[in-house]
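Structural description and commentary
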Amino acid sequence: MQTTHRWLSIIEGCLLVALGVHLLQVSQLLISGTAGLGLVLIQVTNLSFGQLFFLLNLPFYILAWRTLGRAFTLRTFFSISLLSLLSELMARYVDLAIHPILASVLGGLLVGFGLILLFRHQASLGGMNILAVYLERRFNWHASTTLLIGDLGVLLLALFLLEPAQVIWSVLAFIALSSVVKRYHRPPAWAVPKPAAAG
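Residues numbered from 1 in each chain as written. Predicted model: local features only at pLDDT ≥ 70, side-chain atom pairs only at ≥ 80, totals over all residues. Heavy atoms only, no water.

This paragraph deals with the overall build of the chain. When helices and strands are tallied, the chain shows nine helices and zero strands. What you see in the chain, going N to C, is helices and strands ordered as α-α-α-α-α-α-α-α-α. For the chain, the C-alpha radius of gyration of 16 Å lies close to 16 Å, the compact-globule estimate for 199 residues. Principal axes of the C-alpha set define a box for the chain whose edges measure 60 × 30 × 30 Å. Counting over 199 residues, the chain shows a buried share of 46%. The contacts of the chain with a sequence gap of at least 6 include a subset with a gap of at least 24, amounting to 75%. Counting every atom, the chain has about 10,300 Å² of accessible surface; 67% of that belongs to carbon and sulfur. Both charge centroids of the chain, one from 12 positive and one from 6 negative side chains, sit 19 Å from each other. (Helix = DSSP H or I, 4+ residues; strand = E, 2+ residues; numbered from the N terminus. Rg over C-alpha atoms; globule rule 2.2 N^0.38 Å. Buried < 20%, exposed > 50% of the residue type's maximum accessible area, 1.4 Å probe, protein only. Contact = heavy atoms within 4.5 Å. Areas by Shrake-Rupley, 256 points an atom, 1.4 Å probe, with all protein chains shown as cover. Lys, Arg positive; Asp, Glu negative; His and termini not counted. Charge placed at Lys NZ, Arg CZ, Asp CG, Glu CD.)

Below, the structure written as structure tokens:
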């Protein structure tokens, strides 16, 4: 039962993130981490977001395997692969129009809640998310802080490739995502230091 609950939650998290990213992509906006980098790079390559997202995460599996373990890495690989597939399907079959401001807020919230589901079930979407979970486990550094630093890097790159209005609306998505993660994320049991034994 616990295993079924975990994998259903991971699938649901990926669905939320995929929908959030799709809302942002159709409005030509960004989000944090490797997903945001993928949304930037689709402006200058012939690859789709799903393809870029999968490729950008390949180097981070080494860090995940060495520091967070085999099980975490396999769940993360599954999550990244599923998100890449869902993004391809949504780009092909989900046609919608939405105002950039609404897209930025809804997209950021959906991605944030999707990440919460993944974090709570010891999975991630690679890239900065792997780094965020690792730093929280190793140094008790809150995940939202790491994600915020990643956001700034993506924004700097976006300034050279996107219109100023697109960057401004993207900031709303970053704020929405960071707010959700900061308010709702709780470290999993394995990340909480155990009290020293008496005596």
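Next up on the list: the confidence of the model for the chain. In the predicted model, the chain carries a mean pLDDT of 84, and 91% of its residues have values of at least 70. Model confidence for the chain, summarised as mean pLDDT per element, is weakest for helix α7 (residues 128–139) at 77 and strongest for helix α6 (residues 100–120) at 93. (pLDDT = per-residue confidence, 0-100.)

Turning our eyes to something else, we now look at unusual backbone geometry. The phi torsion at Q122 lies on the positive side, around 55°, for a residue other than glycine. The phi torsion at N140 lies on the positive side, around 60°, for a residue other than glycine. Inspection of the secondary structure assignment puts N140 in the loop between α7 and α8 (143–161). Owing to a relative accessible area of 58%, N140 belongs among the exposed residues under this scheme.

Note that S9 resides in helix α1 (residues 2–26). Each residue touching S9, except ones within four places of it in the same chain, is listed here: L117 and H121.

Two quantities define a packed helix pair, namely the angle between the axes and the distance from one axis to the other. Between helix α2 (residues 33–41) and helix α3 (residues 49–56), whose axes approach to 9 Å, the crossing angle comes to 130°. Comparing their axes, α3 and α2 come out oblique. Crossing angle aside, the handedness with which α2 passes α3 is right-handed. In this structure, α2 contributes T34, A35, L37, G38, L39 and L41 to the contact, and α3 contributes F49, L52, F53 and L56. Broken down by class, the residue content of the contact of α2 with α3 amounts to eight nonpolar, two polar and no charged. (Axes fitted to C-alpha atoms, helices over the stretch in contact; angles between N-to-C directions. Parallel < 35°, antiparallel > 145°, perpendicular 65-115°, else oblique. Left-handed = near helix turned anticlockwise from the far one by under 90°. Nonpolar A, V, L, I, M, F, W, Y, C, P; charged D, E, K, R; others polar.)

Among the nonpolar cores identified, the biggest contains 47 residues, and L30, I31 and L125 are the most heavily contacted of them. The residues contacting I31, other than those within four sequence positions of it, are L24, G36, L39, G108, V111, V154, A173, F174 and L177. (Core = buried A, V, L, I, M, F, W, Y, C linked by side-chain atoms within 4.5 Å.)

Summed over the entire model, instances satisfying the criterion amount to four aromatic pairs. Here the aromatic rings of F49 and F53 are separated by 5.6 Å at their centres, their planes lie at 25°, and the arrangement is stacked. Of this pair, F49 and F53 both sit in helix α3, four residues apart, roughly one helical turn. Relative to F77, the ring of F54 has its centre 6.1 Å away and its plane inclined at 65°; by these criteria the two rings are edge-to-face. Taken together, the positions of F54 in helix α3 and F77 in helix α5 (residues 70–93) put the pair 23 residues apart, joining distant regions of the chain. Note on F77: relative accessible area 39%, which makes it partly exposed. A network of ring pairs unites the aromatic residues F54, Y61 and F77 as a single cluster. (Phe/Tyr/Trp six-rings, centres within 6.5 Å; stacked < 30°, edge-to-face > 60°.)

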